[in-house]
Amino acid sequence: MALYLGVMSGTSLDGLDIALIAQEQSTRLLATHYIPMPANLRQDLLDLCASGPDEIARAALAEAQWVTLAAQGIEHLLAAQNLNPADIRAIGSHGQTIRHEPARGFTVQIGNPALLAELSGICVVGDFRRRDVAAGGQGAPLVPAFHEALFEHQGQRLAVLNVGGFSNLSLIEQDKPVSGFDCGPGNVLLDAWIHEKQGRSYDADGAWAASGQVHADLLASLLSDPFFAGTGPKSTGREVFNLPWLKHHLATQPVIAAADVQATLLELTAHSIVSSLQTAQKDTQALLVCGGGAHNGTLMSRLAALLPRARVSSTAAHGIDPDWVEAMAFAWLSHCCLQGIPGNRPSVTGARGLRVLGAIYPA
C-alpha cells in the first residue's frame, strides 16, 4: 500500500482541498483537510484570469502564497494522522488554473511544484494538463479516468457529474472507453451573480435561485453561445463564461429581477448538463454528482426532474464523499505518473493518444 496526497483548488476559488489516499488495487480515502481561500489571494487569482499589468510577477507572488497555504495544510493533515513526510510517496498538485485556452494551444496552472516539494519534504507531481495539450488534447477534463477507476464496477450506463465552477461529465459503460467533456458553467455564474447583487460568495442550497422564475428569453440567449452547440471533446473556463458575458446577454433583455436571473442561471447549468448527457449517452441509468453542486438541493432537484428515468444522487450514496473526489483524482494521477501509467483518455480530451501526465519534482 502506498500513500499519496492530492491538492486541488478549482475554478470556484473557494479554498484548497487536500486529500490523503491509500492506493493498492483500488483507491481509499483516508483523511482530508480544507483551507478557505484568503480573500486577498482569491482576488489576486481572479485578476490573473484576465490580462493585466505585470502578470508574470503577480503570478509568481500569488503562487508562492498558494503553495505556502498548501504546505501548511499538508503539515496539519500529516500531524493529525501521526504521519511523517517520509510516509507519503508523492503529492499530486493540480495548482490553480489561471488560463485555459486549448484552442490556442495552452493551459496555465500556477502552483510552483518545486517550492511545494521544498516546503513539504515530499516528492511532488504537478503540471498534469500540458502534456495532454502538447498531444493535441484539451487538457481537460482529466477526472474521467479516475471516475472510471472508481465506478466501473457498477455495470450500468453510468454518468459521473462534477459541478464546481464549471461542470463536466464522465460517461462510463461496460466494454466502452470512458468518454467525457465540459458541459458549461457550473457554479461560476451563480456565484458571480449573487456576489454582485448580495455580496455573498455562493447561493446556499440554491435558495435564492429557487425564489425566482426562469426567464425563457434570457435562457435562450445564454444557450445561443456556440460552446453549447459543440460536442466533445470540449472544455471551457472563465475566459468564456464570466460576469461580463452574462451582462452582455442581460443588455439584450428588458429589466429582469435579480432573483429571476439567478433562477435562469441555475436552469442554464441544469439544462446544459442534461442536454449534453442525453446527446452523448442515451438512457443513462444513474447520474452520480460530486463537487460543490452536489450540495445545491435546487440544482439536484432540477437534474432529477429533467432525468426522470435516471437515478440522480450524490457520490456519497456510493461511499465517496462528493467534496473530495477531485483532490483524490490528483493524488491518483500522481500515482499513475510515478508508475508510468497514462492518465489521460483520448476519448475525453481528443489527444493523439494515451500519455503519462505530470512532471516530477523530487523531495
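Residues numbered from 1 in each chain as written. Predicted model: local features only at pLDDT ≥ 70, side-chain atom pairs only at ≥ 80, totals over all residues. Heavy atoms only, no water.

Brief notes about the pattern of salt bridges
Logical step 1: Scanning the entire structure with this criterion turns up seven salt bridges.
Logical step 2: Across the pair R99 and E55 runs a salt bridge whose closest N-O atoms are separated by 2.4 Å. Placement of the pair is R99 in strand β5 (residues 96-101) and E55 in helix α2 (residues 55-80), with a sequence separation of 44 residues.
Logical step 3: Classification of R99 as buried rests on a relative accessible area of 14%. (Salt bridge = Lys/Arg side-chain N within 4 Å of Asp/Glu carboxyl O. Helix = DSSP H or I, 4+ residues; strand = E, 2+ residues; numbered from the N terminus. Buried < 20%, exposed > 50% of the residue type's maximum accessible area, 1.4 Å probe, protein only.)

Digging into the UniProt feature "binding site: ATP" (unreviewed entry) in the protein
Logical step 1: Within this numbering scheme, the UniProt entry marks G10, T11, S12, L13, D14, G15, L16 and D17 as carrying the feature "binding site: ATP" (unreviewed entry). Of the annotated set, the members that line the second largest pocket are T11 and S12.
Logical step 2: D14 sits in the partly exposed class, given a relative accessible area of 47%.
Logical step 3: Look past the residues within four positions of D14 in its chain and what remains in contact with it is Y34, P36 and M37.
Logical step 4: With respect to the element layout, L16 can be found in strand β2 (residues 15-23). (UniProt positions renumbered as here; feature names shortened; annotations may be inferred. 1 Å grid on protein atoms, 1.4 Å probe; cavity = no way out; pocket = protein on both sides within 12 Å on 5 of 7 lines; lining within 4 Å. Contact = heavy atoms within 4.5 Å.)

A look at the packing of aromatic side chains
Logical step 1: Applying the stated criterion across every chain yields a total of six aromatic pairs.
Logical step 2: Taking 5.5 Å as the distance between ring centres and 45° as the angle between the ring planes, the aromatic pair formed by F146 and W332 counts as tilted. A residue pair is termed long-range when its members are at least 10 positions apart, and F146 in helix α5 (residues 144-151) and W332 in helix α13 (residues 325-339) qualify at 186 residues. We note that F146, like W332, is buried.
Logical step 3: Each residue in the set F227, F228, F241 and W245 is aromatic and connected to the rest through ring pairs, giving one cluster.
Logical step 4: Note that K234 overlies the ring of F227, its terminal NZ or CZ placed 4.3 Å from the centroid. (Phe/Tyr/Trp six-rings, centres within 6.5 Å; stacked < 30°, edge-to-face > 60°. Lys NZ or Arg CZ within 6 Å of the ring centre and 35° of its normal.)

A few points about the sheet that holds strand β13 (residues 359-361)
Logical step 1: With mixed pairing, six strands are arranged side by side in an open sheet as β3-β2-β1-β4-β7-β13. In the strand order of this sheet, the two ends are held by β3 (27-36) and β13, each with one partner. Across the sheet, the axes of successive neighbouring strands diverge by a mean angle of 20°, strand direction being ignored.
Logical step 2: One ladder, built from nine bridges, connects β2 with β3; its direction is antiparallel. Paired with I18 across the bridge in β3 is H33.
Logical step 3: The strands touched by α2 within the sheet are β1 (2-8), β2, β3 and β4 (90-93), with β2 carrying the most contacts at an inclination of about 45°.
Logical step 4: Where α13 meets the sheet, it contacts β1, β2, β3, β4, β7 (124-126) and β13, and its direction lies at approximately 125° from that of β1. (Pairing = 2+ DSSP bridges. Axes fitted to C-alpha atoms, helices over the stretch in contact; angles between N-to-C directions.)

Re the layout of surface pockets
Logical step 1: The computed volume of the second largest pocket comes to approximately 470 Å³.
Logical step 2: Every residue lining the second largest pocket is counted, 17 residues in all, and those nearest its centre are R42, L46, A192, R238 and L243.
Logical step 3: For the lining of the second largest pocket, the secondary structure elements donating two or more residues are α1 (39-47), α6 (188-198) and α10 (243-250).
Logical step 4: When residues in the lining of the second largest pocket are grouped by element, the largest group, five residues, is from α6.
Logical step 5: In the lining of the second largest pocket, the residues fall into seven nonpolar, six polar and four charged.
Logical step 6: Here the lining of the second largest pocket spans two domains, and each of domain 1 (2-139 + 326-361) and domain 2 (143-318) adds at least three residues to it. (Points joined across faces, edges and corners; volume = space filled by probe spheres on them. Nonpolar A, V, L, I, M, F, W, Y, C, P; charged D, E, K, R; others polar. Domains from an automatic or database assignment.)

Quick notes on the domain arrangement of the protein
A common way to report how large an interface is uses the accessible area buried once the components associate.
Logical step 1: Split into domains, the protein comes out as domain 1 (2-139 + 326-361) and domain 2 (143-318).
Logical step 2: The centre of domain 1, based on its C-alpha atoms, is set 23 Å off from the matching centre of domain 2.
Logical step 3: At the junction of the two partners, domain 1 supplies 22 residues and domain 2 supplies 22 residues.
Logical step 4: Taking both sides of the interface into account, the surface hidden between domain 1 and domain 2 amounts to around 1,800 Å²; carbon and sulfur atoms contribute 59%. (Buried area = accessible area lost by both parts, 1.4 Å probe.)

Observations regarding the environment of F146
Logical step 1: The exposure class of F146 is buried, given its relative accessible area of 1%.
Logical step 2: Counting along the chain gives 182 residues from F146 to M328, while the straight-line C-alpha distance between them is 8.6 Å.

So, the packing of α6 against helix α11 (residues 258-280)
Logical step 1: At a closest axis distance of 9 Å, the pairing of α6 and α11 adopts a crossing angle of 170°. Relative to α11, the element α6 lies roughly antiparallel. On the side of α6, the interface is formed by L189, L190, W193, I194 and K197, while α11 contributes A258, V261, Q262, L265, L266, L268 and T269.
Logical step 2: Of the residues in the contact of α6 with α11, the class split is nine nonpolar, two polar and one charged. (Parallel < 35°, antiparallel > 145°, perpendicular 65-115°, else oblique.)

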